[in-house]
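# Working through the structure, step by step
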Amino acid sequence: MPFTPHGKHLIAGEWIAGSDTFESSPAHGPAHRYATGTVDLVDRAVNAAEAAFETYSRCTREERAAFLETIADEIEARGADITEIGTQETGLPAARLEGERGRTAGQLRLFADHIRKGDYLDRRHDEAQPDRKPAPRPELIMVQRPIGPVAVFGASNFPLAFSTAGGDTAAALAAGCPVVVKGHSAHPGTGEIVAEAIGAAIDKCGMPAGVFSLIQGGDRSVGQALVQHPLIKAVGFTGSLAGGRALFDLCAARPEPIPFFGELGSVNPMFLLPRALEARGEEIGRGWAASLSMGAGQFCTNPGIAVVLAGTTADRFVAAAAEGLKQVDAQVMLTDGIAQAFSSGRDRIAHSDVARPVTVSDAEGRNASPALFETTGAEFLENPMLHHEVFGPLGLVVRADSADEVEAIARGLEGQLTVTLHMDDGDIADAQALRPILERKAGRLLVNGFPTGVEVVDSMVHGGPYPASTNFGATSVGTLSIRRFLRPVCYQNMPEALLPEDARG
């Protein structure tokens, strides 16, 4: 039978309805009504999370690992229902939802394996030196400890991998921290099913009920109450620069400021070096068109800017990219608001006098068609408007007049999630000049690829200098993301019976 949402919040093991509701806005299929979040529900969920922290933070690593694996199992057991309502709510194809579900479950299992090993605790031990002169040294043991309840905001563009049981939630639970999720109103049904999976895992593993809560919908006051609640110790967020910056400022303005781990936006520039451009510019252009339009361009790592040296080789690259984009049909975007924002951003560039259209076509309603523009290096350097992300399938070619201008463009970049170099062996000298500049601009540097695939592995960094993220020393993907929700504690002359288990030899 088709899945029918019940439209309730999950607060510390209890499904709660409400008198105020909102209606979903699916790309296709039936709309459903969901209870609207309130400030009172936030307080209830956070207090339950604080109570659960006393127990959950003391669980063994094996107990937490088994919990993460059980969540993954429960998500997979609901796979068909997740795909059905996820495709309805987002317009994403079934294959994309199934792949994202696999990534979400795989991430939970990876974190389980990682915490079992214990390396993430960075345990350090300096033995006592009672006979040291002129003064004895005490025994010192340092280990990473969980920080407390964490707030997570679901993302619009990843209904699974960056939402209810996505990277931030999985990392916090792995660290030993309860989680309160503010679900995204673009996919509340998907969030509800995943919350059911987490709830089932809580019951099976005997975890405290307050270790997880999901609050659906609600106006800005709900999100503000969540980040300002005195018991919340950190926030994970993936979304717009404006929304994320507002929450970041609230976190900083609290009587007790807390870290806000926000991923806010990136244009992910590519630099096409001369030999590679000459040898395979058309191939790179076709590959860029495919990457740029994948998923209607709704990836945070979408490569929106290509920097090339002006000339005939650049002409061939641009022509190949334009031809590739012309073959892409209009695609459904995640929400009506995202589609409108894309159209506004595209039109802002189209109506400016600093960029020229290469290929642009309109699409109706919630659909989007790819757009390609070009500008000069001088115009790009002088117009910050061209540096800003347009979320969707839009690309900008920047034609630089010289290698010096390419370097100036690199130096002028804001923080990015990724930067890509397309190069051949003959471009090594140019790449060596750019690499030290670019590694200060991004969390991930690629060579001869496209950044839209983010591997969930130990070495991945998904973050970067502001405005790509609000904390350049953190990542929201990969096992290092767990460290965001830990803090180092040093124990001096502590009897072993008093030490937490993870600090013992």
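Here, the structure is the one placed above.
Residues numbered from 1 in each chain as written. Predicted model: local features only at pLDDT ≥ 70, side-chain atom pairs only at ≥ 80, totals over all residues. Heavy atoms only, no water.

Here we come to the nonpolar core. Core analysis: the largest hydrophobic core is formed by 95 residues, its most contacted members being Phe67, Phe212, Phe271, Ile482 and Phe485. Element by element, the count of residues in this core is highest for helix 6 (residues 188-205), at 7 residues. Residues within four places of Ile482 in sequence aside, it is in contact with Phe111, His114, Ile115, Tyr120, Ala171, Ala174 and Ala175. Counting residues in each nonpolar core, the second largest holds 23 residues, with Ile11, Ala151, Phe153 and Leu264 among its members. (Core = buried A, V, L, I, M, F, W, Y, C linked by side-chain atoms within 4.5 Å. Buried < 20%, exposed > 50% of the residue type's maximum accessible area, 1.4 Å probe, protein only. Helix = DSSP H or I, 4+ residues; strand = E, 2+ residues; numbered from the N terminus. Contact = heavy atoms within 4.5 Å.)

Let us look at the sheet that holds strand 5 (residues 124-126). The sheet built from 3 strands is open, its strands ordered 5-6-21 with antiparallel pairing. Of all strands in the sheet, those with a lone pairing partner are strand 5 and strand 21 (486-492), marking the two edges. Across the sheet, the mean angle from the axis of one strand to that of its neighbour is 25°, orientation sign disregarded. By the bridge criterion, 7 bridges tie strand 6 (residues 140-146) to strand 21 in an arrangement that is antiparallel. For Leu140, the partnering residue across the bridge sits in strand 21 and is Gln492. (Pairing = 2+ DSSP bridges. Axes fitted to C-alpha atoms, helices over the stretch in contact; angles between N-to-C directions.)

Taken as a whole, this structure holds 4 cavities of 30 Å³ or more when the rule is applied. Put simply, the largest cavity is a space of about 150 Å³. Taken together, 16 residues form the lining of the largest cavity, with Val267, Gly304, Glu389, Val390 and Leu394 sitting closest to its centre. Residues of the lining of the largest cavity, tallied by class, amount to 9 nonpolar, 6 polar and 1 charged. Within this model, the second largest cavity holds a volume of roughly 100 Å³. (1 Å grid on protein atoms, 1.4 Å probe; cavity = no way out; pocket = protein on both sides within 12 Å on 5 of 7 lines; lining within 4 Å. Points joined across faces, edges and corners; volume = space filled by probe spheres on them. Nonpolar A, V, L, I, M, F, W, Y, C, P; charged D, E, K, R; others polar.)

Between helix 2 (residues 61-77) and helix 6, the least distance of the axes is 8 Å, while the angle of their chain directions is 135°. Overall, the two elements helix 2 and helix 6 adopt an arrangement that is oblique. Helix 2 and helix 6 meet at a crossing whose hand is right-handed. Residues Ala66, Phe67, Thr70, Ile71, Glu74 and Ile75 of helix 2 form the contact with helix 6, whose own contacting residues are Val194, Ala197, Ile198, Ala200, Ala201, Ile202, Lys204 and Cys205. (Parallel < 35°, antiparallel > 145°, perpendicular 65-115°, else oblique. Left-handed = near helix turned anticlockwise from the far one by under 90°.)

Here the focus is the pattern of salt bridges. As enumerated under the stated definition, the model contains 26 salt bridges in all. A salt bridge links Asp168 to Arg484; its shortest N-O distance comes to 2.9 Å. You can see Asp168 sitting in helix 5 (residues 167-175) and its partner Arg484 sitting in the loop between strand 20 (442-447) and strand 21, a full 316 residues away along the chain. Each member of the pair, Asp168 together with Arg484, is buried. A salt bridge links Arg346 to Asp362; the nearest nitrogen and oxygen atoms lie 3.3 Å apart. With Arg346 in helix 11 (residues 336-350) and Asp362 in the loop between strand 15 (356-360) and strand 16 (367-368), the pair connects residues that are 16 residues apart, well separated along the chain. According to the relative accessible area criterion, Asp362 is exposed, its value standing at 64%. Three or more residues joined by partner-sharing salt bridges are found here, namely Glu62, Glu69, Asp113 and Arg116. (Salt bridge = Lys/Arg side-chain N within 4 Å of Asp/Glu carboxyl O.)

Our next topic: the packing of helix 9 (residues 274-293) against helix 10 (residues 312-326). Packing of helix 9 against helix 10 brings their axes to within 8 Å, and their N-to-C directions diverge by 30°. Considered as vectors, helix 9 and helix 10 are oriented roughly parallel to each other. In this structure, helix 9 crosses over helix 10, and the sense of that crossing is right-handed. Contact with helix 9, carried on its side by Leu277, Glu278, Gly281, Glu282, Ile284, Gly285, Arg286, Trp288, Ala289, Leu292 and Ser293, involves Thr313, Ala314, Arg316, Phe317, Ala320, Ala321, Gly324 and Leu325 of helix 10 and no other residues of that element. Of the residues assigned to the contact of helix 9 with helix 10, the class counts are 10 nonpolar, 5 polar and 4 charged.

On inspection of all chains with the given rule, the structure shows 9 aromatic pairs. Geometrically, the ring pair formed by Phe237 and Phe260 is tilted, given 5.6 Å between the ring centres and 35° between the ring planes. Of this pair, Phe237 sits in strand 10 (residues 234-238) while Phe260 sits in strand 11 (residues 260-263), and the two are 23 residues apart along the sequence. Among the aromatic side chains, those forming a connected cluster through ring pairs are Phe153, Phe237, Phe248 and Phe260. The positively charged end of Arg96 is found above the aromatic ring belonging to Phe158, 4.8 Å away from the centroid. Against the face of Phe261 rests Arg484, its NZ or CZ located 5.7 Å from the ring centre. (Phe/Tyr/Trp six-rings, centres within 6.5 Å; stacked < 30°, edge-to-face > 60°. Lys NZ or Arg CZ within 6 Å of the ring centre and 35° of its normal.)

A separate point is the layout of surface pockets. Space inside the largest pocket adds up to approximately 1,300 Å³. What lines the largest pocket is a set of 45 residues, and nearest its centre among them are Phe237, Gly239, Ser240, Leu241 and Gly243. Of the residues belonging to the lining of the largest pocket, the class tally is 16 nonpolar, 22 polar and 7 charged. Of the voids in this model, the second largest pocket is the one considered here, and its volume is about 210 Å³. Each residue belonging to the lining of the second largest pocket can be placed in one class, and the counts come to 6 nonpolar, 5 polar and 3 charged.

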